[in-house]
Each structure stands twice: as C-alpha cells, then as structure tokens.
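Breakdown of the fold
Single-letter residue listing:
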Amino acid sequence: MPGPIVLTALQAALFAALIIAWYALVRSKALPVFFFGDPVLVFQQIVSWFVTGEIFVHLATTLIETLLAFLLGVASGIGIGLWLGLSPLTAALFDPYIKALNAMPRVILGPIFIVWFGLGIGSKVALGVTLVFFVVFFNVFQGVREVNPVILANSRMLGANRRQLLTTVYIPSALSWVFSSLHMSVGMAFVGAVVGEYLGSARGVGYLILQAEATFDVNAVFAGIIVLTVFALVLDLAVTLVEKRLIVGKPKS
C-alpha cells in the first residue's frame, strides 16, 4: 500500500487523465459536445461563478439546508430511536408504520413539502430530515437493543436507576452507532437539500443546474455537477475530522 502522499499523487494523476480523455474525445468528435460538453468551457464557467461571486449565495443556501437537515434528522432519530428502543411494546405497535415509511421513496415527498413549506429552505430541510432520520433512527434503535446484557445487569446490581441507565449505558451505546454512520447521515442531508432544490427552488446549486438544463447549457450543468461533487467531498472531509476527535466504534454484539 503506497503512502498517503503517493496515493494522493496517483489519485490526482487519474483525475487529470480522465479530464484529458474527456477533452480528447470531445475535440475528436468521438463524443458529441452538445451532450457531453467541453471541459474547457466547463472550467471557464466554474471560474466565472467564483470570480463574479454568483456561486457563493447558492453554496451558502445548500450548506445551510444540509446542516439544518442533518441536525434535525440526527436529533429526531436519536430521540425516537431511544424511545422505541426502550419501549418494546410501543416499538412493536409502530413497527409496520416505520417499515412502510422507510420503504417509501422519499423523493416523492418533495412536491408535497414544496406545497406545505414553499420554495424556500423549509421544504429542502424537510426532505433532508426524512432521509437522515431513518439512518440515525435504525442505528440508535439497534444500539439500544444490543446493549451488553452483562454491563446492564452489573449497572442494575450497583443500584443504577432508570435515568442513570439511560445516561451511562443506553445513550453511550446508541451514540457509538450514530458516530459510525456520520458519513451516511451528512450525505443523506446533502442529497435531500440538492434534490429539493432541483424539484423547486429560488437558489442553491441544484437550482443553478436546473436553470442550466432549462436553457440546454450542458457546460453549466457539468460545472454545477463538479461544484456539487467538490462540495460533497469537503463535507465528507469535515465529517472525517470530526470522527478523528470522537471515539467511533460500533459495539460488538
């Protein structure tokens, strides 16, 4: 396995090779420029967005939507996951409804949220929350259900009451599962924000892509996709930095 510097260099070389191949195929007309765009024009569009500052308000909107969806989805997922994990009868009662909601393609809720909350941030956050919630909920629910019975019995023998069991046994067990799913949770929040913008919005990077599609500007579409991809990588890096400061480890059953 190569070192991190060599690996990064290889990854950069692969990216450069892909861009060169894209450029060569378009210039040789092996790929129609109308459908695949011109990488030079795509790069110029990205530079223009950043030089004029047009992109920043859209990036800020998408970031706010992502963070709000992530925080609300995580909070609700932890709360309801703990509640049902500690209440077997209630969990059994709601089980078919939770499974039905989880099986539902949440994208179809986008138009409904737009009707309810309008084209602003609210509808995008709502869609993102529905995506994040189930990721966190099932992790918390599983974490509570798989608490080591020996630790639980020992805590009870030492006189721990229900509140103390919750704060010292159940919540740490559940949070360790949440930490292990941070990447997926923030990714789902990001997807919810962008898809919501794409379905209907007045700003955001998804809105930029939608506007470019409406005018058949394939170069701007690819530029938006590249910006979104880099933005997602930055979010993923931020989550990685958070993970390094937290003890991340799924408890063994």
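Residues numbered from 1 in each chain as written. Predicted model: local features only at pLDDT ≥ 70, side-chain atom pairs only at ≥ 80, totals over all residues. Heavy atoms only, no water.

**Things to note about the overall build of the chain**
- Of the regular secondary structure elements, the chain holds 12 helices and zero strands.
- In the chain, the succession of α and β elements from N to C terminus is α-α-α-α-α-α-α-α-α-α-α-α.
- Computed over the C-alpha atoms, the radius of gyration of the chain is 23 Å, more than 25% above the 18 Å expected from 2.2 N^0.38 for a compact globule of 253 residues.
- In terms of its C-alpha atoms, the chain occupies a principal-axis envelope of roughly 75 × 50 × 30 Å.
- Expressed as a percentage of its 253 residues, the buried residues of the chain come to 38%. (Helix = DSSP H or I, 4+ residues; strand = E, 2+ residues; numbered from the N terminus. Rg over C-alpha atoms; globule rule 2.2 N^0.38 Å. Buried < 20%, exposed > 50% of the residue type's maximum accessible area, 1.4 Å probe, protein only.)

**Regarding the layout of surface pockets**
- For the largest pocket, the calculated volume is near 340 Å³.
- Every residue lining the largest pocket is listed: Phe-15, Ile-19, Trp-22, Pro-39, Val-42, Phe-43, Ile-46, Ile-226, Thr-229, Val-230 and Leu-233.
- For the lining of the largest pocket, the secondary structure elements donating two or more residues are helix 1 (4-27), helix 3 (39-52) and helix 12 (218-244).
- Among the residues making up the lining of the largest pocket, the classes are represented as 10 nonpolar, one polar and no charged. (1 Å grid on protein atoms, 1.4 Å probe; cavity = no way out; pocket = protein on both sides within 12 Å on 5 of 7 lines; lining within 4 Å. Points joined across faces, edges and corners; volume = space filled by probe spheres on them. Nonpolar A, V, L, I, M, F, W, Y, C, P; charged D, E, K, R; others polar.)

**Section: the nonpolar core**
- Grouped together as the largest cluster of nonpolar side chains are 21 residues, with contacts concentrated most on Phe-70, Val-74, Ile-78, Leu-82, Val-136, Val-140 and Val-144.
- At the level of elements, helix 4 (54-85), helix 7 (121-145), helix 9 (162-179) and helix 10 (182-199) are the ones that each hand at least two residues to this core.
- It is helix 7 that provides the largest number of residues to this core, a total of six residues.
- The residues contacting Leu-82, other than those within four sequence positions of it, are Val-140, Val-144, Tyr-170, Ile-171 and Ala-174.
- Judged by nonpolar contacts, the second largest core, of 20 residues, contains Trp-22, Val-205, Ala-212 and Ala-220. (Core = buried A, V, L, I, M, F, W, Y, C linked by side-chain atoms within 4.5 Å. Contact = heavy atoms within 4.5 Å.)

**Digging into the environment of Val-115**
- Within the fold, Val-115 resides in helix 6 (residues 110-117).
- Taking C-alpha positions, Val-115 is 18 Å from Gly-206, a pair spaced 91 residues apart along the chain.

**Examining the UniProt feature "transmembrane region" (unreviewed entry) in the chain**
- Sequence positions flagged by UniProt for "transmembrane region" (unreviewed entry) are, in local numbering, residues 6-26, 63-86, 98-119, 165-191 and 220-242.
- Along residues 6-26 one finds 100% helix and 0% strand; the C-alpha atoms at either end are 30 Å apart.
- This span, residues 63-86, is 96% helix and 0% strand, and a straight line between its end C-alpha atoms measures 34 Å. (UniProt positions renumbered as here; feature names shortened; annotations may be inferred.)

**Quick look at the pattern of salt bridges**
- Counted under the stated rule, the structure contains two salt bridges.
- One salt bridge in this structure joins Asp-38 and Arg-27, with 3.2 Å as the shortest N-O distance. In this pair, Asp-38 is assigned in the loop between helix 2 (33-36) and helix 3 and Arg-27 in helix 1, connecting sequence segments 11 residues apart.
- The exposure class assigned to Asp-38 is buried, which follows from its relative accessible area of 7%.
- The salt bridge partner of Asp-95 is Lys-99, with a shortest N-O separation of 3.2 Å. (Salt bridge = Lys/Arg side-chain N within 4 Å of Asp/Glu carboxyl O.)

**Here we look at the side chain of Asn-139**
- Within the element layout of this structure, Asn-139 appears in helix 7.
- When sequence neighbours within four positions are dropped, the list of residues in contact with Asn-139 reads Trp-177, Ser-180 and Ser-181.

**Regarding a nonpolar patch on the surface**
- Together, Val-33, Phe-34, Phe-35, Phe-36 and Phe-216 make up an exposed nonpolar region whose accessible area comes to about 580 Å².
- Along the chain, the position of Phe-36 falls in helix 2. (Patch = residues over 30% accessible without salt bridge, like charges linked within 9 Å, V, L, I, M, F, W, Y side chains within 5 Å. Areas by Shrake-Rupley, 256 points an atom, 1.4 Å probe, with all protein chains shown as cover.)

**Concerning unusual backbone geometry**
- The phi angle at Lys-29 is positive, at roughly 65 degrees, despite the residue not being glycine.
- Along the polypeptide, Lys-29 turns up in the loop between helix 1 and helix 2.
- A residue is classified by how much of its surface remains accessible, and Lys-29, at 73% relative accessible area, is exposed.
- Of note, Phe-216 is a non-glycine position whose phi angle comes to about 55 degrees, a positive value.
- Of note, Phe-216 is situated in the loop between helix 11 (205-214) and helix 12.
- Owing to a relative accessible area of 65%, Phe-216 belongs among the exposed residues under this scheme.

**Concerning the packing of aromatic side chains**
- Inspection of every chain in the model, using the stated rule, returns 13 aromatic pairs.
- On the numbers, 5.1 Å between centres and 70 degrees between planes, the contact of Phe-137 with Phe-138 is edge-to-face.
- An aromatic cluster is built from Phe-133, Phe-134, Phe-137, Phe-138 and Phe-141, whose rings are joined through pairwise contacts. (Phe/Tyr/Trp six-rings, centres within 6.5 Å; stacked < 30°, edge-to-face > 60°.)

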